Each structure stands twice: as structure tokens, then as C-alpha cells.
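For reference, the chains in residue letters:
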Amino acid sequence: KLLFIYTRRTSALMSSAVRRSVRQLASSVSRVSSFAASVSSESTSSIGLRTLFSKVPSSGIASALQQRAAASVSVRSFQTTAMSAMSNKLISPHGDKLVNLMVDPAKAASVEASATRTLELSDRNACDVELLCVGGFSPLTGFMNAEAYDHVVENMRLPGSNLLFGLPIVLDTDCEDTKVGDKVLLRYKGKSVAVLTVDSKWRPNKPKEAKMCYGTSSIEHPGVHMIAEERGRYYIGGSLEGLAMPVREFATPTPAEVRADLPEGKDVVAFQCRNPIHRAHYELFTRALDAENVGEGAVVLVHPTMGPTQDDDISGLVRYKTYVVLKEETKNPQVRWAYLPYSMHMAGPREAIQHMIIRKNYGCTHFIIGRDMAGSKSSLDGEDFYGAYEAQDLAKQNAAELGMKTVPSLNVVYTDEKGYVTADVAEKEGLSVKKLSGTKFRKMLRGGEEIPEWFAFKSVVKVLRENA
């Protein structure tokens, strides 16, 4: 179900202008930044056998990119980033420091030459390397070592700092010879992107990782299946030195680049998605700006995940093309667009926490979280692995500690009489609700049938048909 929240106070004792002023003051106070202005040199990250797991109950878009990947663009001065963030009164990154692991271009060749072995990255791993190098996973400065991995798996927190962290960030390999002290050149599609200095290698307890992080050890879960069938036998951790950004067919702005485009002293509401955006989605994230806990003049950052998701999802490139045409069609000044090189785990509640941390690093103060966020179903019987509101509940429980606010959603439906309204309004007023399931929509799309405009944007439908 597509969800949104739209709340309005009706108090006769307080004018809307006063309420806005109060909310703005509170919002401004909450954004006072303790942002640091120097590169963190300590290593927070210093912080398989194909196992078949038995089922157990669960709890419930290229040239622009190539230019950006050039050293003059991809290598950022952390001090400049820090000063910009402070002057713009943006929310502090997770752990107060926005990590930047990209090496000076003048030193890149020598860093690459220091590598003693090479590892070709998977699509998923390339996403993790990019987010580590640009600070999307701040405060991490590399892939987690065994200690950090175990701590995050068991406690959803980093060791030492005790900072919240939803899921472990690990690099897998089947190489028996890789050892502690090795410098591994990480390549993606034939291009060198980083060098990893190995300080830890271990065989992970994959069933435990699955059970603790995904709530199940059943390979019917796509994330568990990924751990069991895609990842190698060993995990290796250590510090990273970034050489270049992975070249993609669409640009993925860094946290520093996104932050530089955000309005000064205003709330930023993040909208996470992994599918094309249709009318109800748009209603959801634009109306979220009217939520009681969102300040005046706020903007929405539409920040879709562009890495691997589920096997039956639309490809990242096609989704990117739909976002481009929708941005042009709507031209909404309150909506910003950026694309995240993140690989979905479908880990439900714990992935919701991961998404909040990432969006905080990109400068967001609020996070829209809907029903069964990052949820998944069994590949055999279609049963949900998580309860409808588990992700919402965990996010709300940890929002204050993260220094963010959640924007929960209510069910939104389309009616003949009033267009999009909340389901409770439709029921109370006896309005005629129109429905179109995702399955029916895809069937109509494949069959060349006319798609109702109340359901989908014409520009988006055109792209989907051209790329079917």
C-alpha cells in the first residue's frame, strides 16, 4: 500500500503563523551542528561456504558521470565540506564527521602500485565501496573487521563509539591466500576504484548474521539468499583508500554534493524508493511537507536506491530514466533529486535504520517511513517476513538518538470526487475509491493498454514501455 501523512491542528487558541514560528524555532535549534573540520584519520572500520539454511519463523541513470568521476570532481577537501555544512546549518553526519576516503590525485598512482593482489568487485560490493569512500556510510573508514562485524550483527551498534548502525558493511572473497597485511586493489568493470589494507579475515557465521539482521535464516528471504549463495566464504575488513568512483550510466552525487544543494537552515525530508514513482508516491512525499513536525520552507529529497535490489525489480537505469522525465514534468521547487548507489538487502526494520543513517549523512533531517519498509516476502509461499509496522516502530524508537525525525504515513487512495485523500476520509465521507494493483498495472503495460492518469504519470509510462 502507498502511504502518507497529512496532519492539521485545529486549535482555536493558536494561529497557524504562531505554530509555524514555534516549529521553525524548534527545528533550527535541533539543527545546531557540532560538525568537525578535519579529516578523521582513525579507522572506525578497523571498525562463503554455500550454507543451506533451514526455514525458521521470522519476526514479523554517461558522460556527466565520467566527468564527476575525474579526480578534479571526485576528490573533495573535507575541510571545505565541513565549513559548507556548518555555514548551511545542516544536520551533522553520523558520528559528526563526513568521511572522505578519496586520495590526492597526485598520490593515486603510488597508492595503486602498492597493492599486492587484485579483487574484482560485484555490483553490490561496488556500491559499498563508493558509499564508504564518499562518506555515505560515515563514520566508517573501510570495511568492518571481525570485531565490528560481530558487534553490529549482535547489537546494531558500532564497537567503541556505540553508535547505531543497522547492518554490517563487509567485503567477501573466496580467496584462500588473502591475508592480514595485504593491500588489495579493488576493481569494478576493469577500473581501479580503491585499495583495501586488510586487517582482518574470518569465516562469518552466516546463519547468525541472517537471523540477527534479517530476522530469519530462511533462504526464501532474498537477503539471506544473497548471503548464502552470492557472498564468498570469507569476509575481509580494513581501511580503504579511494582512487576513483565506479563509472555508471547515471550520476550518483556524493553526500558533500547533495549537501551543497540543500537550502540553508531548512528541514530536508528524505523519500526512499526502489521503484518508478507513480501518482500516489508523489502525493505521499509532497504532502509530507505538511506534517506537523516538518518546518516551514522544507524540501523533499527524492533519493532512490540505484544498486541491485530484488530479481524482479525494474533495472536501475530504467528507473533512473523515469525519474529524469518525472523531474522535468513536475518541476517542483520543493523537490530535490539525487540517486543513491546502494544495494538493497530487504532487511525490514534494521534496513530502515540503515537508510536513516545514510540519509542523515546526505543532510536529511526527516525520513518518510511507510508500511513494511524494505520488507520482503517468501520466494515460496509469498508470506511477509515482517509485520506491517515493525520498520516504523524501530525507526521511531531510535529517531531521537539519530537526531532525526520520522514522518510516518497513512494510507492514501484516489477517489472520483476528491482525487487523492486519506483512506479514513474516503470512508467517512463515502467517497468512491479507485484501485489498480501493481500486478494489473504491469499486465496493462505489457498489453499496451491505456494506463489511467490518476494512477501513473504519462512520461513515466512512456519510458517503461520503451524499455520493456
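Relevant structure appears above.
### A closer look at the packing of helix H16 (residues 438–446) against helix H17 (residues 458–466)
Running from N to C, H16 and H17 cross one another at 65°; their axes reach a closest spacing of 10 Å. H17 is crossed by H16, and the crossing has right-handed handedness. Residues Phe441, Met444 and Leu445 of H16 pack against Val461, Leu464 and Arg465 of H17. Taken together, the residues of the contact of H16 with H17 break down into five nonpolar, no polar and one charged.

### Considering the nonpolar core
Counting 79 residues, the largest nonpolar core has Phe137, Phe143, Phe165, Leu186, Leu196, Tyr214 and Leu240 as its most contacted members. It is helix H6 (residues 123–134) that contributes the most residues to this core, six residues altogether. Filtering out sequence-adjacent residues up to four positions away, Leu196 remains in contact with Phe143, Leu171, Asp182, Lys183, Val184, Leu186, Ile236, Gly237, Gly238, Ser239 and Leu240. Core analysis: the second largest hydrophobic core is formed by 40 residues, Ile277, Ile451, Trp454 and Phe455 among them.

### What about the environment of Gly215?
Within the secondary structure, Gly215 is located in the loop between helix H8 (206–214) and helix H9 (222–230). Once the C-alpha coordinates of Gly215 and Arg350 are considered, the two residues, 135 residues apart in sequence, prove to be 9.2 Å apart.

### Things to note about the pairing of strand E8 (residues 268–271)
The alternating pattern of E8 places Val268 and Ala270 and Val269 and Phe271 on opposite faces, both of which are buried. By the bridge criterion, four bridges tie E8 to strand E9 (residues 299–302) in an arrangement that is parallel. Residue pairing in the sheet places Phe271 in a bridge with Val302 of E9. Where E8 and strand E11 (residues 366–369) come together, two bridges link them in parallel fashion. Pairing of Ala270 across the sheet is with Phe367, part of E11.

### Some remarks on the pattern of salt bridges
Within this structure, the stated rule accounts for 17 salt bridges. Across the salt bridge formed by Glu466 and Lys462, the nearest N and O atoms sit 2.4 Å from each other. In this pair, Glu466 and Lys462 both sit in helix H17, four residues apart, roughly one turn of the helix. For Glu466, a relative accessible area of 53% translates into the label exposed. On the accessibility criterion, Lys462 (51% relative accessible area) is exposed. Because the salt bridges share partners, they merge into one network encompassing Arg117, Lys179 and Asp182.

Rules used in this analysis
- Residues numbered from 1 in each chain as written.
- Predicted model: local features only at pLDDT ≥ 70, side-chain atom pairs only at ≥ 80, totals over all residues.
- Heavy atoms only, no water.
- Axes fitted to C-alpha atoms, helices over the stretch in contact; angles between N-to-C directions.
- Helix = DSSP H or I, 4+ residues; strand = E, 2+ residues; numbered from the N terminus.
- Left-handed = near helix turned anticlockwise from the far one by under 90°.
- Contact = heavy atoms within 4.5 Å.
- Nonpolar A, V, L, I, M, F, W, Y, C, P; charged D, E, K, R; others polar.
- Core = buried A, V, L, I, M, F, W, Y, C linked by side-chain atoms within 4.5 Å.
- Buried < 20%, exposed > 50% of the residue type's maximum accessible area, 1.4 Å probe, protein only.
- Pairing = 2+ DSSP bridges.
- Salt bridge = Lys/Arg side-chain N within 4 Å of Asp/Glu carboxyl O.

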